[in-house]
Amino acid sequence: MMMLSPSKVDRDSAWGVMGQLSKTEFVPAALRGKPAAVMGAIFMGAEYGLGPLEALRSIDVIDGSPEPNAEMKLRLYRRAGHQIVAEEWFDDPRGLRLTGKRGDTGEERTVIYTVRDAERNGKLKVLDDGTVRARSRKDNPLPWETNTDDLLWARAVSRLVRRLASDALDVRQPSTRAT
């Protein structure tokens, strides 16, 4: 990549591109106006074999650390040969139960993520009348901050991948590289 080039002209040019790119509307709101964060997301995406724009759609910055979003985690999990064998939604409390199976060992694991989990983790607030409210940023909320089911799905997927096949996220493993 030009940012790593020994040439100062290449580095300056790449930095200028990052600065301009960070101002565009197709850069996620959390990265907008932050050329260094855009560059970090693009670098991390390159580790997974993603192009720059796909990286910007697939890498979130959480508390200053880049991390694949739930959709990307699921793609890497499936690319590594693992599968989700059961998805069950339930109420009281609203939640999702996912069961995954490793493709290499056959090991299965079930995870659950509920509205109460999301409340404990500061993602949602359950009001006294049972109404669920997102704890979203006022400007440009993320999709899961306005849709409880998307939040539950994303957190359950992340939990399943982390607990059953965290190796699928390891950029050093050839099976995780994008093809």
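Just above sits the structure.
Now for a description of the structure that goes with this document. (Residues numbered from 1 in each chain as written. Predicted model: local features only at pLDDT ≥ 70, side-chain atom pairs only at ≥ 80, totals over all residues. Heavy atoms only, no water.)

## Here we look at the nonpolar core
Thinking step 1. Membership of the largest hydrophobic core comes to 37 residues, with the highest contact counts inside it found for Val38, Tyr48, Leu56, Tyr77 and Leu98.
Thinking step 2. Sorting the residues of this core by element identifies helix H1 (8-21), helix H2 (35-47), helix H3 (52-58), helix H4 (70-79), strand S4 (95-101), strand S5 (108-114), helix H5 (115-120) and helix H7 (148-165) as the ones contributing at least two each.
Thinking step 3. In terms of residues, this core owes the most to one element, H7, which gives 9 residues. (Core = buried A, V, L, I, M, F, W, Y, C linked by side-chain atoms within 4.5 Å. Buried < 20%, exposed > 50% of the residue type's maximum accessible area, 1.4 Å probe, protein only. Helix = DSSP H or I, 4+ residues; strand = E, 2+ residues; numbered from the N terminus.)

## A short note on the sheet that holds S4
Thinking step 1. Strand order in the open sheet formed by 3 strands is S3-S4-S5, with antiparallel pairing between adjacent strands. Each having just a single partner strand, strand S3 (83-90) and S5 make up the two edges of the open sheet. In this sheet, neighbouring strand axes are inclined to one another by 15° on average, regardless of whether the strands run parallel or antiparallel.
Thinking step 2. Note that S4 and S5 share 7 bridges and pair antiparallel. Bridging across to S5, lysine 101 finds its partner in glutamate 108.
Thinking step 3. Together, S3 and S4 form the strand contacts of H4, whose direction differs from that of S3 by roughly 140°.
Thinking step 4. Strands in contact with H7 are S3, S4 and S5; relative to S5, the strand with the most contacts, it is inclined by about 150°. (Pairing = 2+ DSSP bridges. Axes fitted to C-alpha atoms, helices over the stretch in contact; angles between N-to-C directions. Contact = heavy atoms within 4.5 Å.)

## Overview of the packing of H4 against H7
Thinking step 1. Between H4 and H7, the least distance of the axes is 9 Å, while the angle of their chain directions is 40°. What the angle tells us is that H4 and H7 run oblique. Note on packing geometry: the crossing formed by H4 with H7 is left-handed. In this structure, H4 contributes Ala70, Glu71, Lys73, Leu74 and Tyr77 to the contact, and H7 contributes Trp153, Ala154, Val157, Ser158, Leu160, Val161, Leu164 and Ala165.
Thinking step 2. Here the contact of H4 with H7 is composed, by residue class, of 10 nonpolar, 1 polar and 2 charged. (Parallel < 35°, antiparallel > 145°, perpendicular 65-115°, else oblique. Left-handed = near helix turned anticlockwise from the far one by under 90°. Nonpolar A, V, L, I, M, F, W, Y, C, P; charged D, E, K, R; others polar.)

## Section: the side chain of serine 158
Thinking step 1. Topologically, serine 158 is positioned in helix H7.
Thinking step 2. Side-chain polar atoms of serine 158 contact the side chain of lysine 73, separated by 3.4 Å. (Polar contact = N/O pair within 3.5 Å; in protein donor to acceptor, adjacent residues only side chain to side chain.)

## A short note on the pairing of S4
For a regular strand, side chains alternate in direction, first toward one face of the sheet and then toward the other.
Thinking step 1. With 5 of 7 residues buried, S4 lies mostly within the body of the structure.
Thinking step 2. As defined by bridge partners, S3 adjoins S4 across 7 bridges and the pair is classed as antiparallel. Residue pairing across strands places isoleucine 84 opposite glycine 100, the latter belonging to S4.
Thinking step 3. As consecutive antiparallel partners, S3 and S4 are separated by 4 residues, and within that stretch aspartate 92 has a phi angle of approximately 55°, a positive value.
Thinking step 4. Here S4 folds back onto S5 in antiparallel fashion, the turn holding 6 residues, of which glycine 106 has a positive phi close to 80°.

## Some details on the pattern of salt bridges
Thinking step 1. According to the stated counting rule, one finds 11 salt bridges in the structure shown.
Thinking step 2. Note that arginine 120 is salt-bridged to aspartate 117, the shortest N-O span being 2.2 Å. Residue arginine 120 and its partner aspartate 117 are both found in helix H5; the two are separated by 3 residues, about one turn of the helix.
Thinking step 3. The structure contains a network of salt bridges with shared partners spanning Glu54, Arg57 and Arg75. (Salt bridge = Lys/Arg side-chain N within 4 Å of Asp/Glu carboxyl O.)

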